[in-house]
Amino acid sequence: MSHRISRRRAIGLMATAAAGLAVQPSIFSRGMRAASLPSVVRATGGDSPRKLVEAAVSSLGGMSRFVARGNIVVVKPNIGWDRSPEQAANTNPEAVATVVEACLNAGAKRVHVFDRTCNDARRTYAHSGIAAAARAAGAEVSYVDENLYKNVTLNGVYLKEWNVYKLILECDTLINMPIAKHHGLSSRTLSMKNWMGVIGGNRGHFHHNMDQSLIDLAAAVKPHVTILDAYRILIAGGPTGGSLDLVQTPRTVIAGVDQIAVDAWACTLFPDARTVPGYLDMAKKLGLGEPDFRSLPHLEIAV
Amino acid sequence: MTIGWRGARRAVQLSVLAAFTYTFIQAEYRGLDVVRGWWSAFTSSDPLCLTAVVAGSRSWPLGLSAWWLLAIAVGLSPPFLARAFCGWVCPLGTLNHAVSAARERSRIKWAQRTASRYWKYRFVILALVLSFFGVPLAFWFSSLPLLYRSATLAVHPAVNLAGQRLSSGLLSWHEATGAEPLYSGYQWLRDSVLSFHQPYFQHAGLNIVVLLVVLGINVLAFRMWCRSFCPLGGFLGIIGHRSLLRRTIQPACNHCAACVKACPADMGATPEEWNPSECLLCFRCAAACRKQAVEFSWRSPWRGTLRPVNVPRRDLSVIAIAGIAILAASRLNRISPAPNGRLIRPPGALPEPEFLARCLRCGECMRICPTNAIQPAGLAAGWEGAWTPVIVPETGYCELECNLCSRICPTGALKRVTAGERKTLKLGTAVIDRGRCLPHAMAIPCLVCEEHCPVTPKAIWVREKDEILRDGTYVKLGQPIIDPQRCVGCGVCEHKCPVQGSPAIYVRSFGETRAPASFFLSEFPAKDGDWGTAHDPYSS
């Protein structure tokens, strides 16, 4: 019966704890539950992104593990590029719609879907198919509003402070929905790099110290669950792609509570499975996640 | 009944102005790659521009849409309806009328100037003569492109900026007080009123000045722009100097000259005089007459005496000399045979001389461009090229998946290209400034340009290199290298380059599809269409 506790409630509970409770109950209950469920799941097969997402999420314990009744949820897909779903530069729209529906079925009050795009947002939202699919599923799809950032102290090694989108800071549940792609600078763009879509300012600066930037940002923006779309992946020419020759179809969704484990597993889907982004080891050292996903409770399912 | 005509005129004027505003608002990009022909209906209804396009391009412009039939209709109207187009339809005329009427009602009581009506005839003759040689006086000053351009480059950015300031004020107020209606107001402005991006156009101030001068001179004399300067008005006046329509004075006239005073145009000195080339068919004279002695009726255009458009012959020689001088001046700046490297034309642009002969400088492509990449040229294309569209990657890049500008262009100066054809067009070629590029010059990792490059395979490839650092250690990093044959010149690399001020990668126009001779490699990457002919478009 226990479910994830919203940030708002958590604050209330912490206040109660300050008043005399010895144990912070939300951490306790979450830890008990997590021990019996896998941390990371890989679902493969079939020809339906919807079924893959449903299988992966239910193996993780269902969306109610992350979303409580009345929660405000942010689903953050990659809508960065003026590309069609077949070109595999943006998250699969059907996968996004499935997650939105699952959140609403779990009792979410609102589900927000947005991305700070690289190409013109009006074009990417339409061309990716994500805006239409997410709206039809019941999400509130909005363009990023430059006025709604908040300066956040990151105290990272490279990033000391940065503007983070307010919806990210204010939501109860944060769901990361990247697509697995090749990337010229960071070799792979997976769940960690997807957070560049929730920050303001000149993102070009991240590229001068990409791995450290992503680590610094990850310490501040922590998703409750990561659902990585690898139905189609870009194996070269990323992150923009273009030609369908660059697309492979592993028909896979990897979901997990540890985004480093998700990223490490996603790397194995590429033709050169040994190429991994440099931040995986850095994240392990800092305790942000476990790149050796096999050491975690993990599950492979065929759909 | 006469009051009825006046009311009808006002209703038509306001409806047409509303229609103009509606087509203007519709042309805002909203995420769908849709272009409707009627969005450029107003710039397509200009018979002077149509004539100048045909004269300048020496061909019946096949690129013109069916909406140019409107221009022919407008051009044929003066013998039947005098300059009713100016009096009833022209949206700039309506604005001029409003300025003059406001001045009339105000307490400003300085003497009205008498404005010579002949300037517009001199002007339109000069414009027509020069249009054969590609000098765009008609395009710059004919009322319809002038109004669309002013709305795009000056009015809309100003209004949107004001609205943006208002909305951010509401947001700050909401943050200070927590009042929800303020946030709702903010959201409403953001989502339903304001543009997605604040549009920015270079030398916007110049466009504001031009518009203010055109509108402002109407306080000196009633509709002074229309009666003295508008080349389209002059053009219609010449067409309509033999008119089927007549204004006649009935015997009841007591020569009070109330009609003469009421005329906003230039009917003459006595009630009997009338001039179809000047008459706006506004019926102010009929409304002013207490004896109901003013009538309009149809007669044979060759009967009776009418004052013809009378430009003195001496003026014609002055116009000829002025024209030659202007032409000479316009050619003097072509001392360099090489095209201006910064002159990056939007996709579908015809070779330069043809492009200049057809481009109305109306600004519709700048209006619809989703990325604000298309800017009015200053002097980059010679002074005749002022206000033609040019891509400035600093403000925006050309989106590879988008062909909207080529579809809205009313004259085919930007030849209509399909989304597929557009991807084969090369607008120019990017080059890297290795003295500024971070991985090349300072051993700092970057590759933002490579990340955004939209073509397959990418026109920017990465050379792995071990660079030594100051402390003696080595760093392995990727340096961007351009493949000039792959590059399409979209400018996204320049737009996104983190090196501020003067980007380390930038596009120049060489190698553009419409000018293959400008490429430094003999093997030109053109594939489809009739673009790849090896002629130099700058040597016509």
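Conventions used here
Residues numbered from 1 in each chain as written. Chains lettered and ligands numbered in written order. Predicted model: local features only at pLDDT ≥ 70, side-chain atom pairs only at ≥ 80, totals over all residues. Heavy atoms only, no water. Helix = DSSP H or I, 4+ residues; strand = E, 2+ residues; numbered from the N terminus. Buried < 20%, exposed > 50% of the residue type's maximum accessible area, 1.4 Å probe, protein only. Areas by Shrake-Rupley, 256 points an atom, 1.4 Å probe, with all protein chains shown as cover. Contact = heavy atoms within 4.5 Å. Buried area = accessible area lost by both parts, 1.4 Å probe. Salt bridge = Lys/Arg side-chain N within 4 Å of Asp/Glu carboxyl O. Polar contact = N/O pair within 3.5 Å; in protein donor to acceptor, adjacent residues only side chain to side chain. 1 Å grid on protein atoms, 1.4 Å probe; cavity = no way out; pocket = protein on both sides within 12 Å on 5 of 7 lines; lining within 4 Å. Points joined across faces, edges and corners; volume = space filled by probe spheres on them. Nonpolar A, V, L, I, M, F, W, Y, C, P; charged D, E, K, R; others polar. pLDDT = per-residue confidence, 0-100. Axes fitted to C-alpha atoms, helices over the stretch in contact; angles between N-to-C directions. Parallel < 35°, antiparallel > 145°, perpendicular 65-115°, else oblique. Left-handed = near helix turned anticlockwise from the far one by under 90°. Pairing = 2+ DSSP bridges. Core = buried A, V, L, I, M, F, W, Y, C linked by side-chain atoms within 4.5 Å. Patch = residues over 30% accessible without salt bridge, like charges linked within 9 Å, V, L, I, M, F, W, Y side chains within 5 Å.

Across its full length, chain A carries ten helices and 13 strands. Burial analysis of chain A (303 residues in total) assigns 62% to the buried set. A total of about 11,500 Å² of accessible surface is found on chain A, and carbon and sulfur atoms cover 53% of it.

Attention now moves to the interface of chain B and chain A. Contacts between the two partners involve 33 residues from chain B and, on the opposite side, 33 residues from chain A. In this assembly, chain B packs against chain A so that about 2,600 Å² is buried in total across both faces, 50% of it on carbon and sulfur atoms. Counting the surface chain B buries against chain A, the share from its top three residues, B:F196, B:E401 and B:E451, is 23%. For the pair chain B and chain A, the number of links is five salt bridges. Between B:R190 and A:D145 there is a salt bridge, and its shortest N-O distance comes to 2.7 Å. Linking chain B to chain A there are 21 residue pairs in polar contact (both at pLDDT 80 or more). Broken down by secondary-structure element, the contributors of at least two residues to the side of chain B that touches chain A are α9 (143-177), α10 (180-193) and α22 (448-452) of chain B.

Further remarks concern empty space enclosed by the protein. Residues and elements named next belong to chain B. Counted by the stated rule, this structure contains eleven cavities of 30 Å³ or more. If you go around the largest cavity, you meet 16 residues; those closest to its centre are E28, H197, P199, R367 and C369. At the level of secondary structure, the elements contributing two or more residues to the lining of the largest cavity comprise α9 and α18 (364-368). For the lining of the largest cavity, the element with the most residues is α18, which contributes three residues. Tallied by class, the residues present in the lining of the largest cavity amount to eight nonpolar, five polar and three charged.

Moving on: the pattern of salt bridges. All names here are of chain A. Within the structure shown, the criterion is met by 24 salt bridges over all chains. In this structure, E290 and K284 form a salt bridge, with 2.7 Å as the shortest nitrogen-oxygen distance. For E290, a relative accessible area of 15% translates into the label buried. Overall, K284 belongs to the partly exposed group, its relative accessible area being 42%.

It is worth spelling out the confidence of the model for chain A at this point. On average, residues of chain A carry a pLDDT of 86, and 88% of them reach 70 or more. For residues 17-32 of chain A, every residue scores under 50 in pLDDT, and the model assigns this stretch eight contacts once sequence neighbours within four places are set aside.

Attention now goes to the packing of helix α4 (residues 93-105) of chain A against helix α6 (residues 130-137) of chain A. All names here are of chain A. Contact geometry of α4 with α6 gives a least axis separation of 8 Å together with a crossing angle of 20°. Relative to α6, α4 is oriented roughly parallel. Handedness of the crossing formed by α4 with α6: right-handed. Between α4, through P93, V96, A97, V100, E101 and L104, and α6, the contact on the second element is made entirely by I130, A133, A134 and A137.

Residue and element names in this part refer to chain A. Here strand β1 (residues 40-44) lies mainly inside the structure; four of its five residues are buried. Across five bridges, β1 lies against strand β12 (residues 252-256) in antiparallel orientation. Directly across from R42, in β12, lies its bridge partner I254. Across five bridges, the pairing between β1 and strand β13 (residues 298-302) is parallel. Bridge pairing in β13 places R42 opposite E300.

Side chains of a nonpolar character, in soluble globular proteins, are inclined to be buried together. Residues B:F85, B:L92, B:L137, B:F355 and B:I505 are the most contacted members of the largest nonpolar core, which totals 113 residues. One finds A:A97, A:Y149, A:Y165 and A:I233 within the second-largest nonpolar core, a separate group that totals 94 residues.

Turning to helix α9 (residues 259-267) of chain A, a few remarks are in order. All names here are of chain A. With respect to burial, α9 is a largely interior element, nine of its nine residues being buried. Listed in full, the buried residues belonging to α9 are Q259, I260, A261, V262, D263, A264, W265, A266 and C267. Backbone nitrogen of I260 and a side-chain oxygen of the N-cap are separated by 2.9 Å at the start of α9; the cap is D258.

Quick look at a nonpolar patch on the surface now. All names here are of chain B. A grouping of W60, L69, I72 and L76 is seen on the molecular surface, where their side chains present a nonpolar patch of about 450 Å² in accessible area. Position of L69 relative to the elements: it lies in helix α3 (residues 69-76). Judged by its relative accessible area of 58%, L69 falls in the exposed class.

All names here are of chain B. Its place among the elements puts L95 in helix α6 (residues 91-105). Residue class for L95 comes out partly exposed when judged on its relative accessible area of 28%. As a C-alpha pair, L95 and I368 span 273 residues in sequence and 24 Å in three-dimensional space. Those residues within four positions of L95 in sequence are excluded, and the remaining contacts are L17, L147 and L215.

Considering the arrangement of structural elements, one finds A:S39 in the loop between α2 (25-35) and β1. Residues contacting A:S39, with those up to four places away along its chain left out, are A:L60, A:A255, A:G256, A:V257, A:D258, A:L296 and A:P297.

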